Amino acid sequence: MAAVAESGIDMPTAKGCAITPLREEEVFLEPALSHAARELLDSADFLHGLAHSLGSPLNILLPAQIEANAKAFTSVFDRHRIGGAVYYAHKANRSTALVRHLASTRARIDIASLGELQHALASGFAPDRIMATGPKTPEFLWLAARAGVVVNADSPSELDTLGRICRSHGIAPVSVMVRFSGFVNSGTTVMSRQSRFGIHEADVRHYHNVLDGYRDELELIGVAYHLDTIGIAEKAQALDGCLRLVQEFHAAGHPVRAVDIGGGYGVNYLASEQQWEHFTTALTEAVLGQRESFTWRGHGYGLRAENGKLRGALSLYPAHRPLSGPAYLDNLLTQQSPVWGQSYATLLQELMLDLVVEPGRALLDQCGIALARVLEVRHADSETTFIRLDINHGDVSLEEHGVAVDPIVVPQQDPTRRSEAGGGYLIGNLCLEADFISRRRVYFRNMPQPGDLLAFPNTAGYFMDFSADHALHQPIARKIAVTADHRWCLDDEYWPIDRQALTTAGGDTQ
Ligand SMILES: Cc1ncc(COP(=O)(O)O)c(C=O)c1O
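A short tour of the structure in this document, coming up. Keep in mind the model is a prediction, meaning the values are calculated, not measured.

For the rest of this paragraph, the subject is unusual backbone geometry. The general pattern is negative phi for most residues beyond glycine and trans for most peptide bonds. Of the consecutive residues Ser 56 and Pro 57, the connecting peptide bond is found in the cis state with omega at 0°. Within the secondary structure, Pro 57 sits in the loop between helix H3 (44–54) and strand S1 (58–61). Here the bond from Ala 172 into Pro 173 is cis, since omega is -15°, no more than 30 degrees from zero. Among the secondary structure elements, Pro 173 is positioned in the loop between helix H8 (156–169) and strand S6 (174–182). For Leu 472, which is not a glycine, the phi torsion comes out positive at approximately 60°. Note that Leu 472 resides in the loop between strand S18 (453–457) and strand S19 (478–482). With a relative accessible area of 54%, Leu 472 lands in the exposed category.

Below you can see the structure in the form of structure tokens.
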């Protein structure tokens, strides 16, 4: 309670002695920040200047970071002496700057639509560095085949359509991977969840049938999975299945040389494990009515109370994840296969198989920040403060993706400003009850004020533009790319070249 009094937050009186009032420090969820992101967020004048010129909301991208992240993945391959490639799952962000920047590195790209394929080609990716995944239209398949990118088929019928396109257009051979999503249980208790993509290992004959029918058109180079889970055991089981399938395809005369284990390496969003644990405990207790609620209308993020018992499952992303990104891949490769009795890294080496990974979220770790102007701080009643922002839940879709992390206040210069702690629900610019940027009360050591900016760090992976639209004719955030020395340009004006140096050098040689 002392902390509450010190903070100056006007806490409502708990009704009934069993309910513990919240202590504000229990529900901070401070973000993990890279050095570059911290430097940027410390540059209040620069950020206010950008928002003044380019409006709110505004998305900032840090292209140099995606290169560093790709290198960190590659170094895991090197450490385990495994060949293969890192494909950036483009779907996680529409930015052109990121794709162009990555094109100038050794990384490759995983595209999941016709538009993404065109974008990758136009951004400098040669076809041999592109792989097509996801559900595909005939047009998408035609361009993929025509350009000569690897096609990762979701199903036998998709593979069949590709085969027909190749035959009728005289395009051959096209390198393909085939996707699986269910695997024979190899004696462990791990359940593999159902997926709408890929087929079960037990149905492999359907892929065999198509491949046999298009021996001249389709060359099988790999087997693939992408599982929407963070469970290492489930992924290890899938790897066992893939190794079995590789052997089976080899026996059938297909020169399979790669295993594609998809994306899903995750990101650590939070600076403090303790804060995350305090938050989840406080949420559970609030749902059970054991302490004051700190979510809008008692929202439980998947949890509910029934007869005094906790029911449901927390629908939030595990925002504190020390084992994420390249470290997660490293851990997976070091696991011992219960089937083969060796680590997956050793198995891949011995079977001379390339490893393919398709990280989206993890390659975008610390690559972007969303800025929003604070329009109003309204104390609706003694318990409720709304912080209204010029951004909406489609522009920064943290709620939709279940990621709980605090934004950072970028104050405007105001010598008369009094700093005080507080908290409030973050609401957006849509005329819609549901437009919450945060349904949990966000606590601040210094309450934001109208005219300040709120910076949402680490939004590049899925939260930035995946759901953004023009509802109510609200503007979609402009995107800009910012360099380490804080030079910036519009996202689609970014090219990974130093124009100034090139024009000077060109002038000298004339
Ligand atoms: C086939 C495939 N690969 C890669 C990814 C990227 O996953 P993540 O962003 O979790 O790494 C996805 C995400 O949906 C996917 O469907």
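Continuing now.
Quick look at the environment of Gln 412 now. The residue Gln 412 is located in the loop between strand S15 (408–410) and strand S16 (422–427) in this model. Taking the C-alpha atoms as reference points, Gln 412 and Pro 450, separated by 38 residues in sequence, lie 9.1 Å from one another. Not counting the four nearest positions on each side in its chain, Gln 412 is found in contact with His 48, Arg 417, Pro 450, Gly 451 and Asp 452. Of note is the side chain of Gln 412, whose polar atom sits 3.3 Å from the backbone oxygen of Pro 450.

Among the structural elements, Arg 179 can be located in strand S6. Residues Arg 179 and Phe 197, 18 residues apart in the sequence, show an inter-C-alpha distance of 7.5 Å. In contact with Arg 179, not counting residues within four places along its chain, are Asn 152, Ala 153, Asp 154, Phe 197, Gly 198, Ile 199, Tyr 207, Ala 224, Tyr 225 and His 226. Looking at Arg 179, its side chain comes within polar contact range of the side chain of Asp 154, at 3.4 Å.

Rules used throughout
- Residues numbered from 1 in each chain as written.
- Predicted model: local features only at pLDDT ≥ 70, side-chain atom pairs only at ≥ 80, totals over all residues.
- Heavy atoms only, no water.
- Helix = DSSP H or I, 4+ residues; strand = E, 2+ residues; numbered from the N terminus.
- Buried < 20%, exposed > 50% of the residue type's maximum accessible area, 1.4 Å probe, protein only.
- Contact = heavy atoms within 4.5 Å.
- Polar contact = N/O pair within 3.5 Å; in protein donor to acceptor, adjacent residues only side chain to side chain.

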